[in-house]
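Take a look at the letters that make up each chain.
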Amino acid sequence: MIPIRFSHVLGQSGVGAIVRGANDLVVVQDTRQWTDRQGGFAGKLIPYVERVRAALGISQALREPPVAKELANSQIDGVCVPATRFPSWMRCPNCGALYLRPWKDEQVGDAPRCRRDTCKNRPRLEQVTWVLAHPAGYLGDVPWHFLAHRDSKASSQSACKVRDQLKLIERGYEQRKVRCGACGAEAPFLGDERLYFGQQRMQPWTRDDIAPPPPSPADSAKDMAQVLAINDTRVYAPAAESVLVIPPESRVRKGTVIDLLYRHSDDRRKIDNAKNPLARKSAIRTLATEYRCKPEEIEEALLDIGRGYPLYGENLTPGQLRESEFKAFLEILPDQRDDEDLVTRNKTDEWCALQDRSDLAAPSKNLVGCIQNLVRVDRLKAVKVFKGFTRLDGEDVVPPDILGQSSWLPAIELYGEGIFISLDEDRLRSWEQHPKVLVRLEKLQRRFVQSARKEPNPLTPRFMLLHTLSHLLMRQIEAEGGYPAASLIERIYCSQTPEHMAGILIHVAVPDIAGSLGGLAELAEPRRFLGILSRALEHARWCSLDPVCSEHDGQGPGLLNRAACHACTLVPEPACEYGNTLLDRCFVKGDDSDGLPAFFGVP
């Protein structure tokens, strides 16, 4: 059993990923195999996610991955996420001999060793570290026999069918050869060969799912597979998306009769399947005893569920993800409870009151006026949904069950806290319409279109300001709050139509119902946050790599950054929604030499 963090099962250790164990490499099997001994779903159903599903535009139910633990007697309690040993080929580190699934001939727990007579030491075999990946998401073993014989000229070599005499010989880091000991055929192995995938299994663990033949004529770029090292990022790219749980689902009272009845659909089914009124009353009484409540409470809960609990017929617009979250942060709920899944404390009035303080300098008062809303988020819950994966930068996402026919998707619940701010809309409109601001964005906008990226849509000065400010704040929070930047997560709320949004949420989220310790939310206290904002903007004015950084026309992946580098703006990859791109300090600090106004300098 390989221990994996719960959240990693929906990330780099998800379905289709190659995971390194203590002794072997394995590939995680698809969700069709995530079953218990009776063949049922092994994962627990996640309730109260109707709004989440509507926001993501999915109809499937959401379930947690199965959980197992190793007991003291080495027995497994629970259901493991299944995996298959892969790559299937192993190599002798001494003589280079290749073996296909040599573990089949060994006892459980014994490590396969080289069996060639010419190999004196006969060391333990090691799995090869190359695979064959296809843009459609397929994954297979490198066809070593084909590579050794594909350029053969002699008929005896071309007709060779011997597969147990292959060797991968290394002569330095870049000099490798695949050789057949039976016929003498050999060929250089570069580790990046492009080949046809062929009609073999789509994935190493599947049996009936066969890759279709390539179209004729085949597109050399789109329909060719490529040999890749297993640690190449193109071998596996998970596709997951997180959605915050907001009212009314975040306000559900846990442990109440209606909550228990809503969560346990089997109990409701027993009542619905009662053959007559007498049997129905008996089922309700039995359930009332189990729930430790009165039968009348069960009846009332059933009526509420029939009326549409917990949404009660509220219309959910697919795709309206950020808009509804933005409104939820600004909504003030007077009867809010501390055990809800979204607990906010609106600090806007206290924040605006700072402008009336006589001990505050004029520049600081101007900063206060640039922030329209300040919200302390004491508790939040996010649902992270695993939608599938891609390989070799493919366009199509392979679903978690490979075929896209499953009634559920893997998901986990994450708990945390954070800080939410929104910028003053009037100042923002004035700033983003300035001609110099639009000119600054123009060159970056052309590159963004060429990159064929879908988000954000569209790319605007408003987004560039919000995204860069988010990074500057995260770096300052790391310095002052003690939170490593890799544990922080940004969420940008940016729109000009149909509703104006200009907000930033910086939060932490962990798969533990206790969440974090409250330190991040405390930074949202007005005086403390003002200090963090002031120092973040101060650090934005100068980078240790200036003037080179500030004068850059383009840097980073796809040249999609301008005045932004590791010394001033970039954060660890997990913290950024956009891969550390689309950043420019000049939108925050301005540029006097070019007449570019700073947003926080707009009166």
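Analysis parameters
- Residues numbered from 1 in each chain as written.
- Predicted model: local features only at pLDDT ≥ 70, side-chain atom pairs only at ≥ 80, totals over all residues.
- Heavy atoms only, no water.
- Buried < 20%, exposed > 50% of the residue type's maximum accessible area, 1.4 Å probe, protein only.
- Helix = DSSP H or I, 4+ residues; strand = E, 2+ residues; numbered from the N terminus.
- Pairing = 2+ DSSP bridges.
- Patch = residues over 30% accessible without salt bridge, like charges linked within 9 Å, V, L, I, M, F, W, Y side chains within 5 Å.
- Areas by Shrake-Rupley, 256 points an atom, 1.4 Å probe, with all protein chains shown as cover.
- Salt bridge = Lys/Arg side-chain N within 4 Å of Asp/Glu carboxyl O.
- Lys, Arg positive; Asp, Glu negative; His and termini not counted.
- Charge placed at Lys NZ, Arg CZ, Asp CG, Glu CD.
- Contact = heavy atoms within 4.5 Å.
- Polar contact = N/O pair within 3.5 Å; in protein donor to acceptor, adjacent residues only side chain to side chain.
- 1 Å grid on protein atoms, 1.4 Å probe; cavity = no way out; pocket = protein on both sides within 12 Å on 5 of 7 lines; lining within 4 Å.
- Points joined across faces, edges and corners; volume = space filled by probe spheres on them.
- Expected span 1.5 Å × (residues − 1).
- Core = buried A, V, L, I, M, F, W, Y, C linked by side-chain atoms within 4.5 Å.
- Disulfide = S-S within 2.5 Å.

Undergrad: Sorry if this is basic, but what is going on with the pairing of strand 20 (residues 408–423) here?
TA: Across a regular strand the side chains alternate sides, sitting on one face of the sheet and then on the other. Of all 16 residues that make up strand 20, 16 are buried, and the element is covered over most of its length. As defined by bridge partners, strand 3 (residues 61–63) adjoins strand 20 across three bridges and the pair is classed as parallel. Looking at the pairing, A61 lines up with W408 of strand 20. As judged from the 12 bridges shared by strand 19 (residues 371–390) and strand 20, these two strands associate in the antiparallel manner. When the sheet's bridge partners are listed, I371 is paired in strand 20 with L423. In this structure, strand 20 lies alongside strand 22 (residues 501–510), joined through eight bridges in antiparallel fashion.

Undergrad: Would you explain a positive patch on the surface in this entry?
TA: A contiguous patch of positive charge, built from R101, K104, R201 and R207, is present on the exposed surface. The topology assignment puts R101 in the loop between strand 8 (98–100) and strand 9 (126–127).

Undergrad: Is there a simple way to think about the sheet that holds strand 8 in this case?
TA: Backbone-to-backbone hydrogen bonds pair the strands of a sheet. The strands run either parallel or antiparallel. The three strands are arranged 8-7-9 in an open sheet whose pairing can be described as antiparallel. In the strand order of this sheet, the two ends are held by strand 8 and strand 9, each with one partner.

Undergrad: Got a minute to help me understand the environment of L488 in this structure?
TA: Relative to the helices and strands, L488 is located in the loop between helix 13 (461–481) and strand 21 (489–495). L488 sits in the buried class, given a relative accessible area of 0%. On a C-alpha basis, the gap between L488 and A575 in space is 5.4 Å, while along the polypeptide they are 87 residues apart. Those residues in contact with L488 that lie beyond four places of it in its chain are M474, I477, Y483, I506, H507, V508, L520, P574 and A575.

Undergrad: For this particular structure, what's the right way to read the side chain of Q555?
TA: Following the sequence through the fold, Q555 ends up in the loop between helix 15 (526–540) and helix 16 (586–589). A distance of 2.4 Å separates a polar side-chain atom of Q555 from the backbone oxygen of R562. Within polar-contact distance, the side chain of Q555 engages the backbone oxygen of A564 at 3.2 Å. Apart from residues no more than four positions distant in its own chain, Q555 is found in contact with C549, L560, N561, R562, A563, A564 and C565.

Undergrad: Honestly, the pairing of strand 16 (residues 225–229) in this entry has me stumped. Any pointers?
TA: Among the five residues of strand 16, four are classified as buried, and the element is accordingly described as predominantly covered. Judged from the four bridges that link them, strand 10 (residues 130–133) and strand 16 form a sheet pairing that is antiparallel. Looking across to strand 16, one finds that A133 is bridged to Q226. Where strand 15 (residues 194–195) meets strand 16, two bridges bridge the pair, whose relative direction is antiparallel. Across the sheet, the residue bridging to R194 is Q226, located in strand 16.

Undergrad: Honestly, empty space enclosed by the protein in this entry has me stumped. Any pointers?
TA: Sizing a probe to match a water molecule and rolling it over the atoms shows the empty space that remains. Using the criterion set out here, one finds two cavities of 30 Å³ or more in the structure. Estimated volume of the largest cavity: approximately 40 Å³. Lining the largest cavity are I419, F420, I421, L473, I477, I504, I506 and F529. Put simply, the parts of the chain that give the lining of the largest cavity at least two residues each are strand 20, helix 13 and strand 22. If one sorts the elements of the lining of the largest cavity by residue count, strand 20 sits on top with three residues.

Undergrad: In this structure, what is going on with helix 13? I would like to understand it.
TA: Helical geometry note: an α-helix holds 3.6 residues per turn, so side chains three or four residues apart project in the same direction. Over its 21 residues, helix 13 extends 29 Å from the first C-alpha to the last, a length consistent with the 30 Å expected when each residue adds 1.5 Å. After helix 13 finishes, the residue G482 shows a positive phi value of roughly 80°.

Undergrad: What's the story with the nonpolar core in this structure? I'm lost.
TA: Among soluble globular proteins, nonpolar side chains are generally buried collectively. Counting 65 residues, the largest nonpolar core has W144 and F189 as its most contacted members. It is strand 19 that contributes the most residues to this core, six residues altogether. Those residues within four positions of F189 in sequence are excluded, and the remaining contacts are W130, V142, W144, L147, L168, R176, K177, V178 and V227.

Undergrad: Is there a simple way to think about the state of the cysteines in this case?
TA: Chemically, a disulfide is nothing more than a covalent bond linking the sulfur atoms of two cysteines. On inspection of all chains with the given rule, the structure shows zero disulfides. Take C119: it sits in no disulfide, and the sulfur closest to it among the cysteines is that of C92, at 3.7 Å. Take C119: its relative accessible area is 2%, and that puts it in the buried class.

Undergrad: Before we go on, may I ask you to explain unusual backbone geometry in this structure?
TA: Among all residues save glycine, negative phi is the norm, and among peptide bonds the norm is trans. Residue E455 is joined to P456 through a cis peptide bond whose omega torsion reads -5°. Along the chain, P456 falls in the loop between helix 12 (435–450) and helix 13. In this structure, P547 follows D546 across a cis peptide bond, with omega equal to 5°. Here P547 is to be found in the loop between helix 15 and helix 16. Phi angles above zero are rare outside glycine, and L392 is one such case at about 55°. Topologically, L392 is positioned in the loop between strand 19 and strand 20. A positive phi is found at N580, a non-glycine position, where the angle reads about 55°. Along the chain, N580 falls in the loop between helix 15 and helix 16. Judged by its relative accessible area of 4%, N580 is buried.

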